[in-house]
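Each chain, written out:
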Amino acid sequence: TLIRPLTALHKLSYAEVAGPSRVEWFVSHFWGHPFIDTCAALEKHARRMTGGTRPWQSTAYWVCTFSNNQYEVQAELGDG
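Computed from a predicted model, the values in this text were never measured in an experiment.

Turning our attention to the overall build of the chain. Scanning the chain from terminus to terminus reveals five helices and two strands. When the helices and strands of the chain are listed from N to C terminus, the series reads α-α-β-α-β-α-α. Once the C-alpha set of the chain is aligned to its principal axes, its extents read approximately 40 × 25 × 25 Å. The buried share of the chain, reckoned over its 80 residues, is 24%. For the chain, the proportion of contacts with a sequence separation of at least 24, taken over those separated by at least 6, is 65%. Entry remark: accessible area of the chain is about 5900 Å², with carbon and sulfur atoms responsible for 59%.

Turning to the environment of K11, a few remarks are in order. Looking at where K11 falls in the secondary structure, it is placed in the loop between α1 (4-7) and α2 (14-18). Sequence separation between K11 and Y71 is 60 residues, and the spatial gap between their C-alpha atoms is 6.1 Å. If sequence neighbours within four positions are ignored, K11 has contacts with N69 and Y71.

A separate point is a nonpolar patch on the surface. Taken together, the side chains of V23, F26 and W62 define a hydrophobic patch exposed on the protein surface, amounting to about 300 Å² of accessible area. Within the fold, F26 resides in strand β1 (residues 25-27). Classification of F26 as exposed rests on a relative accessible area of 58%.

This brings us to unusual backbone geometry. In this model, K11 sits at a positive phi of 55°, which is unusual for a non-glycine residue. Overall, the relative accessible area of 46% leaves K11 in the partly exposed class.

The geometry of an aromatic ring pair is captured by the separation of the ring centres together with the interplanar angle, meaning the angle of the planes. Inspection of the entire model under this criterion finds three aromatic pairs. Taken together, the ring pairs connect Y14, F35 and F66 into an aromatic cluster.

Thresholds applied
Residues numbered from 1 in each chain as written. Predicted model: local features only at pLDDT ≥ 70, side-chain atom pairs only at ≥ 80, totals over all residues. Heavy atoms only, no water. Helix = DSSP H or I, 4+ residues; strand = E, 2+ residues; numbered from the N terminus. Buried < 20%, exposed > 50% of the residue type's maximum accessible area, 1.4 Å probe, protein only. Contact = heavy atoms within 4.5 Å. Areas by Shrake-Rupley, 256 points an atom, 1.4 Å probe, with all protein chains shown as cover. Patch = residues over 30% accessible without salt bridge, like charges linked within 9 Å, V, L, I, M, F, W, Y side chains within 5 Å. Salt bridge = Lys/Arg side-chain N within 4 Å of Asp/Glu carboxyl O. Phe/Tyr/Trp six-rings, centres within 6.5 Å; stacked < 30°, edge-to-face > 60°.

Below you can see the structure in the form of structure tokens.
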């Protein structure tokens, strides 16, 4: 996957490796949908929401895939 090679050394979530930021929006990505399309939609959303008042790249999203520890999915999310 995209996440595991980036987090393999410490076996943490990507969010833990990247460090904290104040989250503004929640996103749940479905892996049956092309990730590049999700990224494009998030960029469009960030540009629209910032309205040129700040860099759109400063918009922070909580994305489940990046926030869940891929090495501890069952422990973090359970069986259901």
